[in-house]
Amino acid sequence: MVDAFLAAPSARRTAAVLAPAPVPAEEFATINPRLVVEEVSPTVNGGDFAVKRIVGEVVHVEATVFTDGHEQLAAELLWRPVDETEWRRQPMTALPTDVWEADFVPDRLGRHEFLVEGWLDLWGGFRRDFRKKLDAGVALAVDATEGRQFVEAAAARASGDLATRLGDWHARVEANADDHRLLLDDDLAALMAEADDRPFALRSPRQLLDAERIAARFSSWYELFPRSITDDAQRHGTFDDVIGRLPQIRDMGFDTLYFPPIHPIGRTNRKGPNNTLTAGEGDPGSPYAIGSKDGGHDAVHPELGGFEAFGRLVKAAREHGLEIALDFAIQASPDHPWLTEHPGWFAWRPDGSMKYAENPPKKYQDIVNVDFYGPDAVPGLWVALRDVILTWIDHGVKVFRVDNPHTKPLPFWEWMIADVRAKHPDAIFLAEAFTRPTMMYRLGKIGFSQSYTYFTWRDTKAELTDYIEELTTEAPREFYRPHFFVNTPDINPIFLQTSGRPGFRIRAVLAATLSGLFGVYSGFELCEAAAIPGKEEYYDSEKYIVKPRDWNAPGNIILDIAMLNRIRRQYPALQTHLNTRFFVAEDDNIIWYGKPDPDGRGIICVMVNMDPHHGHECGFHVPLWELGLPDDATVQVEDLAEGYRFQWHGRDQWIRIEPDQPYRIWRLTPGGAA
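Under an unreviewed UniProt entry, the name given to the chain is Alpha-1,4-glucan:maltose-1-phosphate maltosyltransferase, and the source organism is Sphingomonas rubra. As recorded by UniProt, the Subunit (unreviewed entry) comment attached to the chain reads in full: "Homodimer."

Right, dumping it as structure tokens:
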């Protein structure tokens, strides 16, 4: 076909594309930079969204900066909080292959911006070449003359004291023209840098960064239903009852206490036990059916004790080192006041009936959804939802778990979170988004501090390793913080339904040591696993009943959880997922990974038998290389779970792990280091 086309008469060929002629040379040279500044990192979508970091955390910035020929370049990192006008500056260091690097540390909460500027370093290039010529004995008088002219020009364009000092230097080098080494003086170099006019300077596109508080990256969550903090299923628990539970939650090492919705619950189509469609007179209903004659999202369910009791709880929680987190569920009972006050905020069927929530084949007859783009919804509904968050912030809550954010418009979340953080940069939003990775990652980009993850369904060594490596080595590392909840009121994982106590210990240690964000729903510590047959749902789900518990029931794993949270607080290596390294363990059931200390003094290493029913043994590699040690070195080992010490000699070791003690947590240090 190609030969036939080439042989065809020219009249039958398609005419070639003629591109527009470029602009004149003088204009082209003016508008197109001589330097290249590209591949700035970290970045999210080229700067469209903010990189996530913690206040006080070092931000390492790299960029590729180069130009034609052998000119010497200079580069500088510029950064600032967005409410400041002056850039803070940090010189960048050149690495091989045209890569430059520098660090900065955000010292304030909130939005920051940074960029990289590069330019021709004419004086630096002169010094580099002149020194080489002097050392080789080939410097000419004209070379020195060129240097003196550089100083003269710098003095002329400078002002004030800088101009005076450079003028003095120019007089000095002119008076001592034979002393070529004066032109290499470091004090002169500092003045020349200050007066540099940065020829051909070019700045990269601006990059955004959100500096959040440490709880956005490291926290341990405990979820409970306040109404179930009672010793009698016929008596509704209250916020004051929860206060009595705080010491136990604190002693398990949690720092965030999270409640499902605490608002008034509707009566229309109220659900009964196990999601039945008919509720008895005393059935409390699902807290996700928000709204009744007693109010909506900005009200408290009357049986919980009202705002006064909530205030007592917030105060008591703070005294126990706990922060309260609330569920933000954008849905309504048919009894919600908004339906009569703002019918244009909801979707209605053609026959005028209410359109109930559904996720076919599931139906939620007790819930209706708002319409974000319905009549009067913009801006009315958007502002009202934003004001719900601000109301709870006024009552002492700064952390919100958001129910199913992936089913609401992304522009709403981007606007709402930005608006709230403009007033309260310490606010934290957790996305409960079990959906496609693209949507989960986009929610992280537009402002959510944390997200639920696929951890709940990653049961094998290969699945978990692949997932963690995706989160730590690919693009999500800059904007997506995985929150490893081991279970939720909606998810009773299949793994836990049949694994017994060993399975709960396995999932607890994996969640607590792989991510800085770790959460459990109450009952997990008691190894609750009763499920609706064939479903990933709890039998007698607490979503529909008041569920008292014996918090000291035999067979619990409270001590495991308390130990895990203790070492998470003690060792910063466990406060992020980004430092996870996987090592060789020669059995598909045994996962073996480590997390180096930030100061490089040691490494936390975790080994887990992921089979809750059988023991497994294997050879494994001690990661001596992570400590800078050879394969035949001796390493000190402290068992952080059991509290004893020993030594390993050499890289290759052997172990057997039984289900009754399915994990090991060791801290390795070189030699005799503590």
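Turning to the pairing of strand β25 (residues 634-639), a few remarks are in order. The sheet contact formed by β25 and strand β26 (residues 645-649) spans five bridges and is antiparallel. Bridged to valine 635 within β26 is tryptophan 648.

A covalent bond bridging the sulfur atoms of two cysteines is what the word disulfide describes. Following the criterion strictly, the structure yields zero disulfides and no others. Of all cysteine sulfurs in the structure, the one in cysteine 618 sits closest to cysteine 605, which takes part in no disulfide; the separation is 14 Å.

Applying the stated criterion across every chain yields a total of 45 aromatic pairs. Counting every residue linked through ring pairs, the aromatic cluster contains Phe328, Phe372, Tyr373, Trp382, Phe400, Phe412, Trp413, Trp415, Phe429 and Phe448.

The strands making up a sheet associate through hydrogen bonds between their backbones, and the pairing can be parallel or antiparallel. Here eight strands make up an open sheet; going across it, the order is β18-β17-β16-β13-β12-β11-β20-β19 and the pairing parallel. Each end of this open sheet is capped by a strand with a single partner; those strands are β18 (450-451) and β19 (483-485).

On the basis of which strands lie adjacent, the open sheet formed by six strands has the order β21-β22-β23-β28-β25-β26 and antiparallel pairing. Unpaired on one side and paired on the other, β21 (581-582) and β26 mark the two borders of the sheet. In this sheet, strand β28 (residues 663-670) lies alongside strand β23 (residues 603-609) in antiparallel orientation, the contact comprising six bridges. Within β28, the position partnered with methionine 607 by the bridge is arginine 664.

General note: in soluble globular proteins, nonpolar side chains tend to be found buried as a group. Judged by nonpolar contacts, the single largest core of 132 residues is most densely connected at Phe259, Ile324, Trp413, Phe429, Leu510, Val608 and Ile665. Apart from the residues within four sequence positions on either side, tryptophan 413 is in contact with Phe328, Ile330, Val402, Pro405, Lys408, Ala418, Leu443, Ile446 and Phe448. Judged by nonpolar contacts, the second largest core, of 22 residues, contains Leu162, Leu166, Val173 and Leu191.

Before going further, it helps to examine the environment of isoleucine 603. Looking at where isoleucine 603 falls in the secondary structure, it is placed in strand β23. Here isoleucine 603 falls in the buried class, since its relative accessible area comes to 1%. Expressed as a C-alpha distance, the spacing of isoleucine 603 and glycine 69, which sit 534 residues apart in the sequence, is 45 Å. Dropping the residues within four chain positions of it, isoleucine 603 is found in contact with Phe583, Gly594, Lys595, Pro596, Asp597, Glu626, Leu627, Trp666, Arg667 and Leu668.

On to the UniProt feature "binding site: alpha-maltose 1-phosphate" (unreviewed entry) in the chain, then. Here, the residues flagged by UniProt with the feature "binding site: alpha-maltose 1-phosphate" (unreviewed entry) are Lys271, Gln331, Asp366, Asn404, Lys543 and Tyr544. For lysine 543, the location among the structural elements is in the loop between β20 (517-521) and α15 (558-570). Under the relative-accessibility criterion, lysine 543 is labelled buried at 12%. In contact with lysine 543, not counting residues within four places along its chain, are Phe225, Arg227, Gly285, Ser286, Pro287, Pro489 and Asp490. Positionally, tyrosine 544 belongs in the loop between β20 and α15. Those residues in contact with tyrosine 544, other than ones at most four positions away along the chain, are Arg227, Lys271, Gly272, Pro273, Asn274, Asn275, Pro284, Gly285 and Ser286. Within polar-contact distance, the side chain of tyrosine 544 engages the side chain of asparagine 275 at 3.3 Å.

The rules behind these values
Counting from 1, residues in each chain are numbered in the order their sequence is written. Given that this is a predicted model, residues contribute local features only at a pLDDT of at least 70 and side-chain atom pairs are listed and counted only at 80 or more, while totals for whole chains, interfaces and linings are drawn from all residues. Only hydrogens and water are set aside; all other atoms, that is, all heavy atoms of the structure, feed into the side-chain values. UniProt positions are given in the numbering used here, feature names are shortened, and annotations may be inferred rather than shown by experiment. If DSSP finds at least two bridges between two strands, the strands pair. The helix count covers DSSP runs of H or I at least four residues long, the strand count covers runs of E at least two residues long, and both are numbered beginning at the N terminus. Cysteine sulfur atoms that pair up within 2.5 Å are treated as a disulfide. Here the aromatic set is Phe, Tyr and Trp, taking the six-membered ring for Trp, and pairing holds for ring centres within 6.5 Å; pairs whose planes are under 30 degrees apart are stacked, those over 60 apart are edge-to-face, and all others are tilted. Think of a nonpolar core as a cluster: buried Ala, Val, Leu, Ile, Met, Phe, Trp, Tyr and Cys residues, connected wherever their side-chain atoms sit within 4.5 Å. Between buried and exposed lies partly exposed: a residue is buried under 20% and exposed over 50% of the maximum accessible area for its type, with that area taken using a 1.4 Å probe on protein chains only. Here, two residues are considered to be in contact whenever any of their heavy atoms come within 4.5 Å of each other. For the purposes of these results, a polar contact is taken to be a pair of N or O atoms within 3.5 Å, where, inside protein, one atom must be able to donate a hydrogen and its partner to accept one; residues adjacent in sequence count only when each atom of the pair is a side-chain atom.

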